[in-house]
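Summary of structural features
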Amino acid sequence: MKKLMVLLLCLSIIFCLSACSDSESGGNPNGLSNTQSTKMIKKFSDEAELKKYAQSFWLCEKKTNDQTTFKICYFIDEAGLSWNFTYSSAETLEDCIKNVLKSGEEQGQSFRSSIKFLGSGSNGDGLEFNEFDIEYDVKNGKIISKNQTYGTFLNDGTLKCEGDIYKNDNELFKQFNSAFLMAKSALFEDKYGELALYKDVKYDPIRYLGRKFLLTGTAELSDYFNYDYRDFEVVYFCICVTPDGGSFSDRWYIYCDRYKYAELLEELKSGSKHMMLICNSYFPDSLKEEMADLVEYCY
């Protein structure tokens, strides 16, 4: 668990992607077939360079006729971590993540970000998580685990692991993060019922008074307190949210309980975040001015 705590700190900073390698070494010391030239292996000057290169997200989407496995690897110091999300051809990555999240919530676990979800070390139906000790073979550009080749870094920027090619690909990580947010959105609707959108509320606030609605956009801290929230800085902190596809004129001011959402306050002090928020308001004057309370959030 100590390694996972270190991972959480690093995952909140690093959003890169890359790959894993063969556990079969055979007669070739690099874990590659005899037909593959050693020129394919990425060269490193020392262990520090290899460690820095390896410390990243490495992703692979492997499809067969009846199922897909979305694989993620991460290496930090002497620890390796892997997550395998497996789902049928009739399902999506969103469906798989939703099932894992739902199972976690039934056990009292709730994750507000994809990074914290990965860092929790959760296992569940459709998700296999593993943490393992690793060593570095600088000469052959390899990750070693249990005295066997776990992965080999190739000079095309990929990582070969047990026949699969992993990539350091931000688009694949965006795909995973998007699936996480869609899974959370589906769970929100399971919990709260069909949610109105912020535009519905904006143009018909009285109809949606006291009803929860969905707001997705970029949030940053604000010091704007007005209408029913005036002089309530002791109770709330304020975030200004610019909706996706909207402009400054579409912004909303969302008021968050300082004690309930203390973690969010600390996170936003480091900068803005793209977030999904569930909001509501019982104050008609405030709602007309695009002001509401925070109910729940994820990012």
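Since the structure is predicted, the reported quantities are computational estimates derived from the model, not experimental observations.

On inspection of all chains with the given rule, the structure shows 11 salt bridges. A salt bridge links glutamate 47 to lysine 51; the shortest N-O distance between them is 3.6 Å. Taken together, the residues span about one helical turn, with glutamate 47 and lysine 51 both in helix α2 (residues 47-54) at a distance of four residues. Residue class for glutamate 47 comes out partly exposed when judged on its relative accessible area of 36%. Aspartate 164 is the partner of lysine 62 in a salt bridge, and the nearest nitrogen-oxygen pair spans 3.5 Å.

Here the focus is the packing of aromatic side chains. Counted under the stated rule, the structure contains 26 aromatic pairs. With centroids separated by 5.6 Å and ring planes inclined at 50°, the aromatic side chains of phenylalanine 85 and phenylalanine 176 adopt a geometry described as tilted. Residue phenylalanine 85 is found in strand β3 (residues 79-88), and its partner phenylalanine 176 is found in helix α5 (residues 170-192); the two are separated by 91 residues along the sequence. There is no split in this pair, since phenylalanine 85 and phenylalanine 176 are both buried. Here the aromatic cluster, defined as three or more aromatic residues joined through ring pairs, consists of Phe57, Phe70, Tyr74, Phe85, Phe111, Phe117, Phe173, Phe176 and Phe180. Over the aromatic face of tyrosine 53 sits the side chain of lysine 42, whose NZ or CZ is 5.0 Å from the ring centroid. Taking NZ or CZ as reference, lysine 202 lies 5.8 Å from the ring centre of tyrosine 203, over its face.

In this structure, Phe70, Ile72, Trp83, Phe85, Ile97, Phe117 and Phe176 are the most contacted members of the largest nonpolar core, which totals 37 residues. In terms of residues, this core owes the most to one element, α5, which gives nine residues. Setting aside anything within four residues of it in sequence, one finds isoleucine 72 in contact with Phe57, Trp58, Leu59, Leu81, Ser82, Trp83, Phe85, Leu118, Tyr166 and Phe176. One finds Ala196, Tyr208, Ala219 and Ile254 within the second-largest nonpolar core, a separate group that totals 25 residues.

So, how was this worked out
- Residues numbered from 1 in each chain as written.
- Predicted model: local features only at pLDDT ≥ 70, side-chain atom pairs only at ≥ 80, totals over all residues.
- Heavy atoms only, no water.
- Salt bridge = Lys/Arg side-chain N within 4 Å of Asp/Glu carboxyl O.
- Helix = DSSP H or I, 4+ residues; strand = E, 2+ residues; numbered from the N terminus.
- Buried < 20%, exposed > 50% of the residue type's maximum accessible area, 1.4 Å probe, protein only.
- Phe/Tyr/Trp six-rings, centres within 6.5 Å; stacked < 30°, edge-to-face > 60°.
- Lys NZ or Arg CZ within 6 Å of the ring centre and 35° of its normal.
- Core = buried A, V, L, I, M, F, W, Y, C linked by side-chain atoms within 4.5 Å.
- Contact = heavy atoms within 4.5 Å.

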